[in-house]
Amino acid sequence: MSKEAGKKAAADAAISYIKPGEILGVGTGSTVNMFIDAIVPLRDRIPGAVSSSEASTERLQGHGFKVLDLNEVESIGVYIDGADESDAGLNLIKGGGAALTREKIIAAVAETFVCIADESKIVDVLGNFPLPVEVIPMARNYVARELRALGGDPVWREDCVTDNGNHILDVKGLQITDPKGLETAINGIVGVVTNGLFAERGADVLILGRGDGSVKNLGRDR
C-alpha cells in the first residue's frame, strides 16, 4: 500500500474530531485536501471554516463551505492540518506548502490542534526536512546570514511568494534537538515573519496513517 493510502486513512480518522456547530480550522496540503473532500457530507454541520491558504479556501468554497476571515470569529474548536515532520513530542516542521504563518496563527487560536500525516512523517530528531522560514523580501540576505550563524544552510525558494507576499528560506543541515529554543531564536531575527517549527504550539493530537489503512494516534485524548 502507498503513502497516499496512509494520508487518506489519517484524513478520514480526523473527521471524528469535528465538533458540530463550531467553526473549523483547516490547514493546507495534500493530506488536508483529502480531509476537505471527506467532510463534504458534513457540510451542514459546519457553520464556517477558517482557512490557512488561498488554495484551501478555493477548495472549501468549491465544495460549498462558508469560509470566514479569522477576524470574524472568536474561537475555533479544532484545527486540522498536516506536517512535513513530527517528533514523538508532537513538535512539528511545517511550511512545505509555504502557508506556515497563517497555519501558526490559526493553531494559536484553536482549542485543539489535530495533525494528520502518513507514518513516514514521524522522526527521531527534526531537521531532515528543510526548515521553512518566511521572511520580508528586503531582509532575505540578512536573515540568511543569521541562519548560517545558527548552523543552518538556508536556500531561497526562488519560485515561491507566500500568500502574504513574502519569501521562503528553506534551512537545510539542522539537527533540531531543542525545537522550542530554535523556534524562539529564529523568530528573534529581524525580518523573519515566522518559521516552520511548531513547538511552542505543537499538535495536541497526531494521527499517523499507515499504508494498510490503519492509524496510530499520539497525544492527548479528547
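Residues numbered from 1 in each chain as written. Predicted model: local features only at pLDDT ≥ 70, side-chain atom pairs only at ≥ 80, totals over all residues. Heavy atoms only, no water.

## Quick word on the overall build of the chain
When helices and strands are tallied, the chain shows 6 helices and 13 strands. Scaling as 2.2 N^0.38, a compact globule of 222 residues should have a C-alpha radius of gyration of about 17 Å, and the chain matches this with 17 Å. Viewed in the frame of its principal axes, the chain has a C-alpha envelope of about 50 × 35 × 30 Å. A burial count over the chain gives 52% of its 222 residues as buried. In the structure as shown, the chain presents an accessible area of about 10,000 Å², 48% of it carried by carbon and sulfur atoms. Averaging the locations of the 23 positively and 32 negatively charged side chains of the chain gives two centres separated by 2 Å. (Helix = DSSP H or I, 4+ residues; strand = E, 2+ residues; numbered from the N terminus. Rg over C-alpha atoms; globule rule 2.2 N^0.38 Å. Buried < 20%, exposed > 50% of the residue type's maximum accessible area, 1.4 Å probe, protein only. Areas by Shrake-Rupley, 256 points an atom, 1.4 Å probe, with all protein chains shown as cover. Lys, Arg positive; Asp, Glu negative; His and termini not counted. Charge placed at Lys NZ, Arg CZ, Asp CG, Glu CD.)

## A closer look at the pairing of strand β9 (residues 167-172)
Among the 6 residues that make up β9, 5 are buried, leaving the element largely enclosed by the rest of the structure. Pairing between strand β7 (residues 131-135) and β9: 5 bridges, direction antiparallel. In the sheet register, P132 faces β9, and the bridge partner there is D170. Sheet analysis places strand β8 (residues 153-156) next to β9, joined by 4 bridges and oriented antiparallel. Bridging across to β9, D153 finds its partner in K172. (Pairing = 2+ DSSP bridges.)

## Some details on the sheet that holds β7
Taken together, the 4 strands give an open sheet; going across it, the order is β8-β9-β7-β10, and neighbouring strands pair in antiparallel fashion. A strand with exactly one partner marks an edge of an open sheet, and here the two such strands are β8 and β10 (192-195). Put simply, the sheet's adjacent strands are angled 30° from each other on average, direction ignored. Those strands touched by helix α4 (residues 100-109) are β7, β9 and β10, and its axis lies near 65° from that of β10. Against the sheet, helix α6 (residues 179-187) touches β7 and β10, its axis set at about 165° to β10. (Axes fitted to C-alpha atoms, helices over the stretch in contact; angles between N-to-C directions. Contact = heavy atoms within 4.5 Å.)

## Some remarks on the packing of helix α1 (residues 3-14) against helix α2 (residues 30-38)
α2 packs onto α1 with a crossing angle of 50° between their chain directions and a minimal axis gap of 8 Å. Relative to α2, α1 is oriented oblique. Here α1 runs over α2; the crossing is right-handed. From α1, E4, K7, K8, A11, D12 and A14 reach across to α2, where they touch S30, T31, M34, F35 and A38. The residue inventory of the contact of α1 with α2, partitioned by class, reads 5 nonpolar, 2 polar and 4 charged. (Parallel < 35°, antiparallel > 145°, perpendicular 65-115°, else oblique. Left-handed = near helix turned anticlockwise from the far one by under 90°. Nonpolar A, V, L, I, M, F, W, Y, C, P; charged D, E, K, R; others polar.)

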